[in-house]
Amino acid sequence: MGKSFEQYQKQKLISSYFSVVLSIALVLFLLGILGLLVINTKKMADHFKEQITISIFLKDEAKESEIDQLQKNLLQAEHTKSAVFVSKEEAAEQHSEEIGEDFQDFLGYNPLKNSIDLQLRADYVTPQEIDSLATTLAQKAYIEEVSYDKPLVGLLSENVKRISFWILIASGALTFIAILLINSSIRLSIYSKRFIIKTMQMVGATKTFIRRPFIWMNIKLGMFGALTALLALTGVLYYLDQNFPELELFKDMEQLGLLYTAIFVLGIFISLISTFFATQRFLNLRTDELYY
């Protein structure tokens, strides 16, 4: 009978520890995901910005030397990511592939123009910068037209600012929720031992002596929870890196290291603070108040 009760108590204790570790791991994992979003918001925004193409259409009478010089100047400019010359024949071939038929068969000629597809570095993809560049290029005599998706550029710039703002708000809110949830889990764990705490206090144990094993145990649980969250986070990172290599998630290891360290320290810190105040609360209660 004694062994059965002892085994039951041990299972109950393990279950209690497991629930604390699991709750800490889940909350820190979500916090880590949001941290990744914060770190990579600019990177993802830059990736989409650099996909915007400015098409510089050239007149038929444009000399080859003029085209080569223009492309060379664009490639040397600090705002340029890439500048690719597309001949009218290549453009016609691409267009035919897109529509599924050769439009030159019924038109009898190729109406398209030679062009240079220009992509800018992300910092220069703003309505003002692109408009200024397009105006400057359009003044050249051998350039027919400079075309780009102006509404998309404006919309992208606005949405990047809006998304960044709300991610920061969500980060602050989730951090607060994380603290509350971890604190609640630890308080429930300590609540089940409130009579032991009061008994130790009644036989003369100091508050520091009583708190020490609880704090040390929950710090270890916080560490296990944080490590579990980091392992899950690494799995998500690896999956994203395999499927979206252009994001280069493992490129900036310094920022990732700071994020991992912050999550690990946060798991320990919240466990420490929550345990301290939870044990302090039960130490300050009168014996008759333990039953409520």
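About the cut-offs
Residues numbered from 1 in each chain as written. Predicted model: local features only at pLDDT ≥ 70, side-chain atom pairs only at ≥ 80, totals over all residues. Heavy atoms only, no water. Helix = DSSP H or I, 4+ residues; strand = E, 2+ residues; numbered from the N terminus. Buried < 20%, exposed > 50% of the residue type's maximum accessible area, 1.4 Å probe, protein only. Areas by Shrake-Rupley, 256 points an atom, 1.4 Å probe, with all protein chains shown as cover. Patch = residues over 30% accessible without salt bridge, like charges linked within 9 Å, V, L, I, M, F, W, Y side chains within 5 Å. Salt bridge = Lys/Arg side-chain N within 4 Å of Asp/Glu carboxyl O. Lys, Arg positive; Asp, Glu negative; His and termini not counted. Charge placed at Lys NZ, Arg CZ, Asp CG, Glu CD. Axes fitted to C-alpha atoms, helices over the stretch in contact; angles between N-to-C directions. Parallel < 35°, antiparallel > 145°, perpendicular 65-115°, else oblique. Left-handed = near helix turned anticlockwise from the far one by under 90°. Contact = heavy atoms within 4.5 Å. Nonpolar A, V, L, I, M, F, W, Y, C, P; charged D, E, K, R; others polar. UniProt positions renumbered as here; feature names shortened; annotations may be inferred. Pairing = 2+ DSSP bridges. 1 Å grid on protein atoms, 1.4 Å probe; cavity = no way out; pocket = protein on both sides within 12 Å on 5 of 7 lines; lining within 4 Å. Points joined across faces, edges and corners; volume = space filled by probe spheres on them. Polar contact = N/O pair within 3.5 Å; in protein donor to acceptor, adjacent residues only side chain to side chain.

Here we take up the overall build of the chain. Of the regular secondary structure elements, the chain holds 9 helices and 4 strands. For the chain, the sequential pattern of α-helices and β-strands runs α-β-α-β-α-α-β-α-β-α-α-α-α. Expressed as a percentage of the 292 residues in the chain, the buried residues total 37%. In the form shown here, the chain has an accessible surface area of approximately 18,000 Å², with 62% of it arising from carbon and sulfur atoms.

Together, Glu-89, Glu-90, Glu-93 and Glu-97 make up a region of like negative charge exposed at the surface. Inspection of the secondary structure assignment puts Glu-90 in helix H3 (residues 88-99).

Moving on: the packing of helix H7 (residues 194-202) against helix H9 (residues 253-284). Where H7 contacts H9, the two axes come as close as 9 Å, and the packing angle between them is 60 degrees. Compared by their axis directions, H7 and H9 come out oblique. Along this stretch, H7 crosses H9, giving a crossing that reads as right-handed. Of H9, the residues touching H7 (which contributes Arg-194, Ile-197, Lys-198 and Gln-201) are Thr-279, Phe-282 and Leu-283. For the contact of H7 with H9, the per-class residue count stands at 3 nonpolar, 2 polar and 2 charged.

Let us now look at the UniProt feature "transmembrane region" (unreviewed entry) in the chain. Under the feature "transmembrane region" (unreviewed entry), the UniProt entry names residues 20-39, 163-186, 221-240 and 260-278. Taken end to end, residues 20-39 has its terminal C-alpha atoms 28 Å apart, with 100% of it in helix and 0% in strand. The annotated region residues 260-278 carries 100% helix and 0% strand content, and the separation between its end C-alpha atoms amounts to 27 Å.

One open sheet holds the 4 strands; their spatial order is S2-S3-S1-S4, and the pairing between them is antiparallel. Only two strands of the sheet have a single neighbouring strand rather than two, namely strand S2 (80-86) and strand S4 (143-147). Taking the axes of each pair of neighbouring strands and ignoring which way they run, one obtains an average angle of 20 degrees across the sheet. Pairing of strand S1 (residues 53-58) with S4 involves 4 bridges; the strand directions are antiparallel.

Time to look at empty space enclosed by the protein. This model, assessed by the stated rule, comprises 1 cavity of 30 Å³ or more. For the largest cavity, the full set of lining residues is Leu-36, Ile-39, Asn-40, Lys-43, Leu-249, Asp-252, Gln-255 and Leu-256. Those elements giving two or more residues to the lining of the largest cavity turn out to be helix H1 (2-49) and H9. The element contributing the most residues to the lining of the largest cavity is H1, with 4 residues.

Further remarks concern the layout of surface pockets. Taken as a whole, the second largest pocket encloses approximately 250 Å³ of empty space. Lining the second largest pocket are 11 residues, with Phe-57, Val-86, Ala-91, Gln-94 and Ser-115 sitting closest to its centre. When residues in the lining of the second largest pocket are grouped by element, the largest group, 4 residues, is from H3. Across the lining of the second largest pocket, the residue classes break down as 4 nonpolar, 4 polar and 3 charged.

Now for the side chain of Thr-80. Secondary-structure assignment places Thr-80 in strand S2. We classify Thr-80 as buried; its relative accessible area is 3%. Side chain to side chain, Thr-80 and His-79 meet in a polar contact 3.2 Å long. Discounting chain neighbours no more than four positions away, the residues touching Thr-80 are Leu-74, Leu-75, Leu-118, Gln-119 and Arg-121.

Counted under the stated rule, the structure contains 4 salt bridges. In this structure, Lys-150 engages Asp-131 in a salt bridge whose closest nitrogen and oxygen atoms are separated by 3.9 Å. One end of the pair, Lys-150, is in helix H6 (residues 150-191); the other, Asp-131, is in helix H5 (residues 127-138), with 19 residues separating them in the sequence. Looking at Lys-150, the relative accessible area reads 48%, which means it is partly exposed. One network of salt bridges, with partners in common, ties together Asp-60, Lys-88 and Lys-113.

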